[in-house]
Amino acid sequence: MTLAQLTIPQGWDGITPGWMTTALATHHPGAVVDAVRVALRDDGTNKRARLELTYSAGSGPATVFAKAVDPAHAELVALTSGLYHEPRLFSSGVPLPLDHPTVYAALIDEEHSDFLMIMEDVVARGADPRDSTRPMTVDQVAAGVRGLARLHSAYWGDRLTGNPALGWVEPFVAFEGMQYAPLHIARERLGDTVAGEILALDGERLFIDIWARYIGTLTTSSQTLLHGDPHIGNTYVLPDDDVGFLDWQMVRRGNWSLDLGYFLQGALTIDDRRRGERELLDEYRAALALPSEEMPSADEVLLRYRASVAHGLAIWMATLSGGDAWQSPEICLALAQRYAAAFGDLDTRAAIDAIA
């Protein structure tokens, strides 16, 4: 059997040694799996599992990470991030010039609204997955910023639009219905930890006047391949302090500022962001490998970065308003506070007015 002939098993227990041997064959030829054991499972918006493997011949990873559709959330995922974007990206064969998990197999079954990915367990090479309760240092964020700049440079402008392997990549557009989020829950949880102007925002002002206006600028300016969801919870830090990016389900095309701002503003404490952000913007621009006619000016980088706070603030105010359904309160609260502080510090309203 070849990788192209694999079908998606029904449940983790359906992943047999023979199936896994075929899934790994491209990256680990000669490896023969003789046992697969579910070591850990986490069924949330998607189903995830860490699988332990042993071999009767050859060698391969001791553990792999599996990701599949949770049928209960398939419709929501399709509406917001898209069911098949991540497996399509890794099936396309295009290089992604920043650290990310190696994907051994990416299968799509559109008839049954299903996908399955078998990928590297990055913890096995010392990766330290992060979330907002464990922020990064300025130097670590600089490594992440350089990685995003490499990604954006590789697919800037017609390097993306003219690439047939990525012709399916959609523009980043505003999600519908965000204005109906019960923001009173977020306001109660935030209390007096954010500025009054944040607490005064209702759904119409936050999600339509601020967020949707910013999102609308992403496709009327320089476009590139976006990770689309590079908040700190989708990152990891390696032993050498390089930063990698997980969960590419929101991959889109649009202006680079969404990735840069969403990552930088949420990965640092408020004080570290205030102290280091101008140097980090310089770091990003210096790492862009672009001809002079495509290079954004330092002023444009700063302006669009200031506007990009709208995305992080809207997403995490909405998530915080969702109770504990999506993320823990501690994770949501820290991110909402960071984006709220950046919103005032960077005069995001004025920046959006300048580019919209």
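Residues numbered from 1 in each chain as written. Predicted model: local features only at pLDDT ≥ 70, side-chain atom pairs only at ≥ 80, totals over all residues. Heavy atoms only, no water.

Next up on the list: the overall build of the chain. Across its full length, the chain holds 13 helices and 10 strands. Computed over its C-alpha atoms, the radius of gyration of the chain comes to 21 Å, within 12% of the 21 Å expected for a compact globule of 356 residues. When the backbone C-alpha atoms are referred to their principal axes, the chain occupies close to 60 × 50 × 40 Å. Relative to all contacts within the chain whose residues are 6 or more apart in sequence, the contacts with residues 24 or more apart total 73%. Taken as a whole, the chain presents about 14700 Å² of accessible surface, with 50% of it coming from carbon and sulfur. Charge centroids of the chain, computed over 28 positive and 48 negative side chains, lie 3 Å from each other. (Helix = DSSP H or I, 4+ residues; strand = E, 2+ residues; numbered from the N terminus. Rg over C-alpha atoms; globule rule 2.2 N^0.38 Å. Contact = heavy atoms within 4.5 Å. Areas by Shrake-Rupley, 256 points an atom, 1.4 Å probe, with all protein chains shown as cover. Lys, Arg positive; Asp, Glu negative; His and termini not counted. Charge placed at Lys NZ, Arg CZ, Asp CG, Glu CD.)

With that settled, consider the sheet that holds strand 1 (residues 32–43). Spatial strand order, 1-2-3-5-4: five strands in an open sheet with antiparallel pairing. Each of the sheet's edge strands pairs with one partner strand only, and the pair in question is strand 1 and strand 4 (103–109). Strand-to-strand twist of the sheet, defined as the mean angle between neighbouring strand axes without regard to direction, takes the value 20°. Relative to strand 5 (residues 114–120), strand 4 runs antiparallel, the two sharing six bridges. Its bridge partner being in strand 5, leucine 107 is matched across the sheet by leucine 116. Sheet strands touched by helix 1 (residues 17–24): strand 1, strand 2 (46–57), strand 3 (63–69), strand 4 and strand 5. Its angle to strand 1, the strand with the most contacts, is close to 90°. (Pairing = 2+ DSSP bridges. Axes fitted to C-alpha atoms, helices over the stretch in contact; angles between N-to-C directions.)

Turning to the side chain of aspartate 114, a few remarks are in order. Here aspartate 114 is to be found in strand 5. Buried charge aspartate 114 goes without a salt bridge, the closest partner of opposite sign being lysine 47 at 6.2 Å. Excluding residues that lie within four positions of it along the chain, aspartate 114 makes contacts with Ile8, Val69, Tyr84, Leu107, Ile108 and Asp109. (Buried < 20%, exposed > 50% of the residue type's maximum accessible area, 1.4 Å probe, protein only. Salt bridge = Lys/Arg side-chain N within 4 Å of Asp/Glu carboxyl O.)

Attention now goes to the packing of helix 8 (residues 203–216) against helix 11 (residues 298–321). Direction vectors running N to C along helix 8 and helix 11 enclose 130°, while the axes themselves pass 9 Å from each other. It follows from the interaxial angle that helix 8 and helix 11 lie oblique. Relative to helix 11, the crossing made by helix 8 is left-handed. Where helix 8 approaches helix 11, its residues Leu206, Phe207, Ile210, Trp211, Tyr214 and Ile215 are matched on the opposing element by Arg304, Ala307, Ser308, Ala310, His311, Leu313, Ala314, Ile315, Met317 and Ala318. When the residues that make up the contact of helix 8 with helix 11 are grouped by side-chain class, the tally is 13 nonpolar, two polar and one charged. (Parallel < 35°, antiparallel > 145°, perpendicular 65-115°, else oblique. Left-handed = near helix turned anticlockwise from the far one by under 90°. Nonpolar A, V, L, I, M, F, W, Y, C, P; charged D, E, K, R; others polar.)

This paragraph deals with the sheet that holds strand 9 (residues 243–245). The three strands are arranged 6-8-9 in an open sheet whose pairing can be described as antiparallel. Since the sheet does not close on itself, it has two edges, and those belong to strand 6 (128–129) and strand 9, each with one partner. For strand 8 (residues 235–237) and strand 9, the ladder comprises three bridges, and the chain directions are antiparallel. Among the inter-strand pairings, valine 237 is bridged to a residue of strand 9, identified as valine 243. Its contacts with the sheet put helix 4 (residues 138–154) on strand 8 and strand 9, and the angle it makes with strand 9 is roughly 50°.

Of all seven residues making up strand 4, five are buried, and the element is well covered by its neighbours. Hairpin remark: strand 4 followed by strand 5, antiparallel, with four residues in the connecting loop; positive phi at serine 113, about 50°.

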